[in-house]
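# Working through the structure, step by step
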Amino acid sequence: MKKNLTPTESHSPDLVFAKSSLGEALMAQLKDGSSSYKRIADYLLRNQVKVTALGIEDMAEQCEVSTATISRFARDLNFTNYAALKNKIAETVQEIFSPVEKLRNTIEGRKNTSSPMGASLQSALANINAASQGINDDQIDQIITRLAKAGTVYIMGFGISSHLAGMLALHLQPYCNHVVEVVAYGGTEVAAGNLASISDKDVLIVISFPRYALDVIRLTEFARKHSTCIVAITDSSASPIAQLGDYLLLAPSSHAVLASSSSAATAVIEALVSSMMVSNKKNVEKAIRLTEALSGYLHNNDNAPRTMQLESRKPKK
């Protein structure tokens, strides 16, 4: 049986929208609706602000369905038509993203982007800013407590998320009892093997961003069946792993060119690691010892071992 946890939820606007009455109706369609309804619900959950500026034809094109399907979807959610649904979305978003000017500015967006590089940097800044608004200190404290008590902390990420998992594993290793990077240089078979002994005494941090790997969903569900505490780091409440976690850390990943951006995810990981490092005196002392141990091997350090100093002074041949 799954543990009855009551973690503090993120205050991210994306998650707040998903927890509204309209958001819950969309989440229900995302879970149990037809394939076309799932596409519509997914798009609405991820693009609440943008949708308020889309006509039914544009909406149908974005979701790759017919306008009749959009109309039927709206009626099944007890709205007279798509326009009524869109008005309700705008009303809900306006409450979350007050003042009203913020909504208007977001819809209009920046029409003129100087270059792909500029657009990329703007995406990174917007994602990190959105992630920072969703960080909740109480939730982070609860996660840190679970990590400190865990027998083993498993960290899993496939594809584009694998390098994020590796970075988090490297940072957490000095401060946790045991850290396992689930995928590492292997694939699904290696990951499944690493998770074979997972239990309710452990924590699984699962990282998943578009494009989502199917295997990460299946393996997270496996851990959930074994009552493992799950921390999900993903981009949206509509993400397939969002509902599988006991704790949810959102890091928006939209990008002007790429399928997914890792900037906010990196920032969230660094925030989590920083909190872990200073969470208690013992961890602070570990961080100091680690810095001292490495300092002798860093460039231009006066305390470097004499053999290294002499080696660096040898004339080049």
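Within each chain, residue numbers correspond to sequence positions counted from 1 in written order. Side-chain atom pairs in this predicted model are given and counted only at pLDDT of 80 or more, local residue features only at pLDDT of at least 70, and totals for whole chains, interfaces and linings cover all residues. The side-chain quantities take in all heavy atoms of the structure and omit both hydrogens and water.

Named according to an unreviewed UniProt entry, the protein chain is MurR/RpiR family transcriptional regulator originating from Undibacterium seohonense.

The next subject is the packing of aromatic side chains. Each aromatic ring pair is summarised here by two numbers: the centre-to-centre distance and the angle between the ring planes. Each aromatic pair joins two rings of Phe, Tyr and Trp (for Trp, the six-membered one) with centres within 6.5 Å, and gets the label stacked for planes under 30 degrees apart, edge-to-face for over 60, and tilted for any other angle. In total, this model carries 1 aromatic pair according to the counting rule given. Look at Tyr-37 and Phe-73: their rings are 5.0 Å apart centre to centre, the planes differ by 85°, and that puts the pair in the edge-to-face class. Placement of the pair is Tyr-37 in helix H3 (residues 35–46) and Phe-73 in helix H6 (residues 67–76), with a sequence separation of 36 residues. Of the two residues, Tyr-37 and Phe-73, both sit in the buried class. Each helix is a run of H or I in the DSSP string that is no shorter than four residues. Each strand is a run of E no shorter than two, and both are numbered from the N terminus. For the exposure calls, accessible area comes from a 1.4 Å probe over protein chains only, and a residue counts as buried if that area is under 20% of its type's maximum, exposed if over 50%, partly exposed in between.

With that settled, consider the nonpolar core. For our purposes a nonpolar core is just a set of buried Ala, Val, Leu, Ile, Met, Phe, Trp, Tyr and Cys residues, chained together by side-chain atoms within 4.5 Å. Membership of the largest hydrophobic core comes to 34 residues, with the highest contact counts inside it found for Leu-147, Ile-155, Leu-168, Leu-172, Ile-205 and Ile-207. Taken together, the elements giving at least two residues each to this core come down to helix H10 (137–149), strand E1 (153–157), helix H11 (162–172), strand E3 (203–208), strand E4 (229–234), strand E5 (247–250) and helix H14 (263–277). Per element, the largest residue contribution to this core is 7 residues, and it comes from H14. By definition in these notes, contact holds between two residues if any of their heavy atoms fall within 4.5 Å. Non-local contacts of Ile-155, meaning those with residues more than four positions away in its chain, are made with Ala-165, Leu-168, Ala-169, Leu-172, Val-179, Val-180, Glu-181, Val-182, Leu-204, Ile-205 and Ile-207. Leu-26, Tyr-37, Leu-44 and Ala-60 belong to the second-largest nonpolar core, a separate cluster that totals 29 residues.

Moving on: the side chain of Ser-123. Mapped onto the elements of the fold, Ser-123 is located in helix H9 (residues 116–134). Looking at Ser-123, the relative accessible area reads 13%, which means it is buried. Discounting residues that sit within four places of it in the chain, Ser-123 has contacts with Ser-254, His-255 and Ala-256.

With that settled, the discussion passes to the sheet that holds E5. Any two strands with at least two DSSP-identified bridges between them are counted as paired. Reading across from one edge, E2-E1-E3-E4-E5 is the order of the 5 strands in this open sheet, with parallel pairing throughout. Looking at the sheet topology across the chains shown, the edges are occupied by strand E2 (179–181) and E5. Going across the sheet, the axis of each strand differs from the next one's by a mean of 15°, ignoring polarity. Packing against the sheet, H11 makes contact with E1, E2, E3 and E4, and its axis sits at approximately 160° to E1. Fitted lines through C-alpha atoms give the axes, limited to the stretch in contact for helices. The angle between two N-to-C directions lies from 0 to 180 degrees.

Here the expected span of a helix is defined as 1.5 Å times the quantity of residues minus one. With 12 residues, helix H13 (residues 214–225) ought to run about 16 Å at 1.5 Å a step, and its terminal C-alpha atoms sit 17 Å apart, in line with that. Regarding H13, the residues found buried are Val-216, Ile-217, Leu-219, Thr-220 and Ala-223. The positive-phi residue at the C-terminal boundary of H13 is Ser-227, with phi of around 60°.

One can find Arg-211 in the loop between E3 and H13. For Arg-211, a relative accessible area of 71% translates into the label exposed.

A few words on the side chain of Ser-253. When you line up the elements, Ser-253 lands in the loop between E5 and H14. If we ignore the near neighbours within four places in the chain, the residues touching Ser-253 are Asn-127, Phe-209, Pro-210, Asp-235, Ser-260 and Ser-261.

The salt bridge criterion pairs a side-chain nitrogen of Lys or Arg with a carboxyl oxygen of Asp or Glu, the two atoms within 4 Å. One pass over the full model with this rule turns up 3 salt bridges. The salt bridge involving Glu-91 is made with Lys-88; its shortest N-O contact spans 3.6 Å. Of the two residues, Glu-91 and Lys-88 both sit in helix H7 (residues 82–96), 3 residues apart, roughly one turn of that helix. Salt bridges sharing partners connect three or more residues here, namely Asp-42, Arg-46 and Asp-235.

Attention now moves to the packing of H10 against H14. As a packed pair, H10 and H14 sit with axes 10 Å apart at the nearest point and diverge in direction by 65°. For the crossing formed where H10 meets H14, the hand is right-handed. Listed contacts from H14 to Ile-140, Ile-143, Ile-144, Leu-147 and Ala-148 of H10 are Leu-272, Ser-275 and Met-276. Charged residues are taken to be Asp, Glu, Lys and Arg, nonpolar residues to be Ala, Val, Leu, Ile, Met, Phe, Trp, Tyr, Cys and Pro, and polar residues to be all remaining types, Gly included. In terms of residue class, the contact of H10 with H14 is made up of 7 nonpolar, 1 polar and no charged. Crossing handedness is defined as follows: a turn of the near helix away from the far one that is anticlockwise and smaller than a right angle gives a left-handed crossing, while the clockwise case is right-handed.

Burial within E3 is extensive, with 6 of its 6 residues counted as buried. Here E3 shows a buried face lined by Val-203, Ile-205 and Ile-207 and a second buried face lined by Leu-204, Val-206 and Ser-208. Sheet topology places E1 next to E3; 5 bridges connect them, and they run parallel. Bridging across to E3, Val-153 finds its partner in Val-203. Here 6 bridges tie E3 to E4, and the two strands are oriented parallel to one another. Pairing of Ile-205 across the sheet is with Val-231, part of E4. Assignment of crossover handedness uses the view with strands pointing away from the viewer, where a clockwise path from the first strand over the helix to the second indicates a right-handed crossover. Between the parallel pair E3 and E4, the chain is carried across by H13, and the sense of this crossover is right-handed.

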